[in-house]
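# Structural overview
Residues per chain are reported as follows:
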Amino acid sequence: MEIIITSFYKYVNIKNPDLFREKHQKYCDKLGVKGKILVAKEGINGSVSGTGEQINKYKKELLKNKLFKDIKFKDNLTDILPFKKTIVRVRKEIVTSGLKVNLKNKGNYVSPEEFNNLIEKQKITVLDARNNYETKIGKFKNAITPNIETFREFKKVPKLLSKFRNKKIVTYCTGGVRCEKASAFLKENGFKNVYQLDGGILNYINKFPDKYFEGRCFVFDNRMSIPSGESNKEISLCEICHIPSGRYVNCANKICDKMFISCAECSKKLRNFCSKKCSKSF
């Protein structure tokens with residue numbers, strides 16, 4: 001069965017996140033969609049999956065709320081169940097960063113079409129705002145990929161990029177939610193010419209598969225990564241046999257639970273264990 005997964009976010013003032021969470025959880029359960037939705041006073045960030053009919057109903061329900069009337073959805077098709085259940089949770093932030101920024105200072109949006117034009121004219125510095133395990137399997141061509149393990153570490157990026165302070169920078173992430181804060185943080189730290197890719201990688205590869213994004217896009221659900229096109233080559237290697245692969249797997253040994261890159265053949269051979277040692281423990 002073909003499943004649609006839609007991702008979305010919006011920074012907007014939600015006065016009572018707990019009340020919204022309670023009502024939204026009940027609606028999702030009634031509708032039967034599966035996914036993960038984070039709610040905070042600063043907004044909403046989520047991904048939900050279901051049939052075409054379910055996703056259309058979900059979108060209409062969210063758009064009925066005046067807070068989300070202009071929210072943007074990024075759709076992707078899959079034949080794998082990306083979520084086992086629906087979780088709606090209240091958080092301090094809709095993406096954990098610890099960055100104290102005024103989002104009015106965020107970088108202007110650059111459409112995928114404009115992004116391509118800027119790349120072709122070599123008029124931008126492309127900055128990846130994601131974590132190192134994400135950039136390991138996929139990134140835009142010639143992008144700067146700071147070695148950060150979590151988005152909380154983005155606060156050290158301005159110092160690393162000091163020589164690009166006067167350059168035109170376009171930031172990107174998976175769906176855009178991190179770049180809202182990343183672009184504002186850079187501007188508030190002396191970078192004047194900062195923009196962000198509208199809708200992130202998900203929006204870009206929907207419009208331009210096999211173009212300037214190389215490898216696979218990491219996603220935070222059971223799929224763990226998605227291809228960026230039919231002919232795009234892998235940029236990482238299987239950690240077991242060292243052939244090109246961008247498939248992340250969690251070790252089947254729950255004590256280990258290591259996330260590692262494995263080709264389909266090695267996954268089958270080792271039954272999703274990261275090593276023979278882990279496989280022998282079961």
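Residues numbered from 1 in each chain as written. Predicted model: local features only at pLDDT ≥ 70, side-chain atom pairs only at ≥ 80, totals over all residues. Heavy atoms only, no water.

## A short note on helix α1 (residues 17–31)
Compared with the 21 Å implied by 1.5 Å per residue over 15 residues, the 21 Å span of α1 between its first and last C-alpha is a close match. Here α1 has its buried residues at Pro 17, Phe 20, His 24, Gln 25, Cys 28 and Leu 31. The buried residues of α1 occupy one face: seen down the axis, they fall within an arc of 135 degrees. With respect to the buried face of α1, the exposed residues turned more than 90 degrees away are Asp 18, Lys 23, Lys 26 and Lys 30. Where α1 is buried, its residues meet β2 (34–40), β3 (43–50), α2 (52–64) and β5 (86–90). Residue Gly 32 follows α1 closely and has a positive phi angle near 95 degrees. (Helix = DSSP H or I, 4+ residues; strand = E, 2+ residues; numbered from the N terminus. Expected span 1.5 Å × (residues − 1). Buried < 20%, exposed > 50% of the residue type's maximum accessible area, 1.4 Å probe, protein only. Arc of directions from axis to C-beta. Contact = heavy atoms within 4.5 Å.)

## Thoughts on helix α7 (residues 200–207)
Most of α7 sits inside the fold, with six of its eight residues counted as buried. Within α7, the full set of buried residues consists of Gly 200, Ile 201, Leu 202, Asn 203, Tyr 204 and Ile 205.

## A look at the packing of α1 against α2
Here α1 crosses α2 at 155 degrees, and the two axes come no closer than 11 Å. What the angle tells us is that α1 and α2 run roughly antiparallel. Note on packing geometry: the crossing formed by α1 with α2 is right-handed. Contacts from Phe 20, His 24, Tyr 27, Cys 28 and Leu 31 of α1 reach α2 at Gln 54, Lys 57, Tyr 58, Glu 61 and Leu 62. (Axes fitted to C-alpha atoms, helices over the stretch in contact; angles between N-to-C directions. Parallel < 35°, antiparallel > 145°, perpendicular 65-115°, else oblique. Left-handed = near helix turned anticlockwise from the far one by under 90°.)

## So, the sheet that holds β3
Pairing is mixed in the open sheet, where five strands are placed in the order β4-β1-β3-β2-β5. Two strands bound the open sheet, and with one partner strand each, they are β4 (72–78) and β5. In this sheet, adjacent strand axes meet at a mean angle of 10 degrees when their direction is disregarded. Alignment of strand β1 (residues 3–11) against β3, held across eight bridges, turns out to be antiparallel. The partner of Ile 5 across the bridge, within β3, is Ser 49. (Pairing = 2+ DSSP bridges.)

## Brief notes about the pattern of salt bridges
Considering all chains together, one arrives at 18 salt bridges under this definition. Bridged by salt links that share partners, the residues Glu 42, Glu 93 and Lys 181 form one connected network. (Salt bridge = Lys/Arg side-chain N within 4 Å of Asp/Glu carboxyl O.)

## Considering the sheet that holds strand β12 (residues 225–227)
By definition, the strands of a sheet pair up through backbone hydrogen bonds, in either a parallel or an antiparallel sense. Spatially, β8-β11-β12 is the arrangement adopted by the three strands of the open sheet, whose pairing is antiparallel. Each edge of the open sheet is held by one strand with a lone partner, namely β8 (138–140) and β12. Neighbour-to-neighbour, the strand axes of the sheet open up by a mean angle of 40 degrees, direction not taken into account. Taken together, the three bridges between β8 and strand β11 (residues 213–218) define a ladder with antiparallel strand orientation. Bridge pairing in β11 places Phe 140 opposite Phe 213. Against the sheet, α7 makes contact with β8, β11 and β12, and its axis sits at roughly 125 degrees relative to β11, the strand it touches most.

## Side note on the packing of aromatic side chains
Within this structure, the stated rule accounts for 15 aromatic pairs. A ring pair is formed by Tyr 133 and Phe 218, whose centres lie 5.2 Å apart and whose planes are at 75 degrees; its orientation type is edge-to-face. With Tyr 133 in helix α4 (residues 132–135) and Phe 218 in strand β11, the pair connects residues that are 85 residues apart, well separated along the chain. Judged by its relative accessible area of 23%, Tyr 133 falls in the partly exposed class. Here the aromatic residues Phe 115, Phe 140, Tyr 172, Tyr 204, Phe 208 and Phe 213 are joined through ring pairs into a cluster of three or more. Note that Lys 168 overlies the ring of Tyr 195, its terminal NZ or CZ placed 4.8 Å from the centroid. (Phe/Tyr/Trp six-rings, centres within 6.5 Å; stacked < 30°, edge-to-face > 60°. Lys NZ or Arg CZ within 6 Å of the ring centre and 35° of its normal.)

## Here's the deal with the packing of helix α3 (residues 112–120) against α7
Contact pair α3 / α7: the axes reach a minimum separation of 10 Å and the direction vectors enclose 85 degrees. Regarding the angle of α3 to α7, the classification is roughly perpendicular. Of α7, the residues touching α3 (which contributes Pro 112, Glu 113, Phe 115 and Asn 116) are Asn 203, Tyr 204 and Lys 207. Looking at the contact of α3 with α7, its residues break down into three nonpolar, two polar and two charged. (Nonpolar A, V, L, I, M, F, W, Y, C, P; charged D, E, K, R; others polar.)

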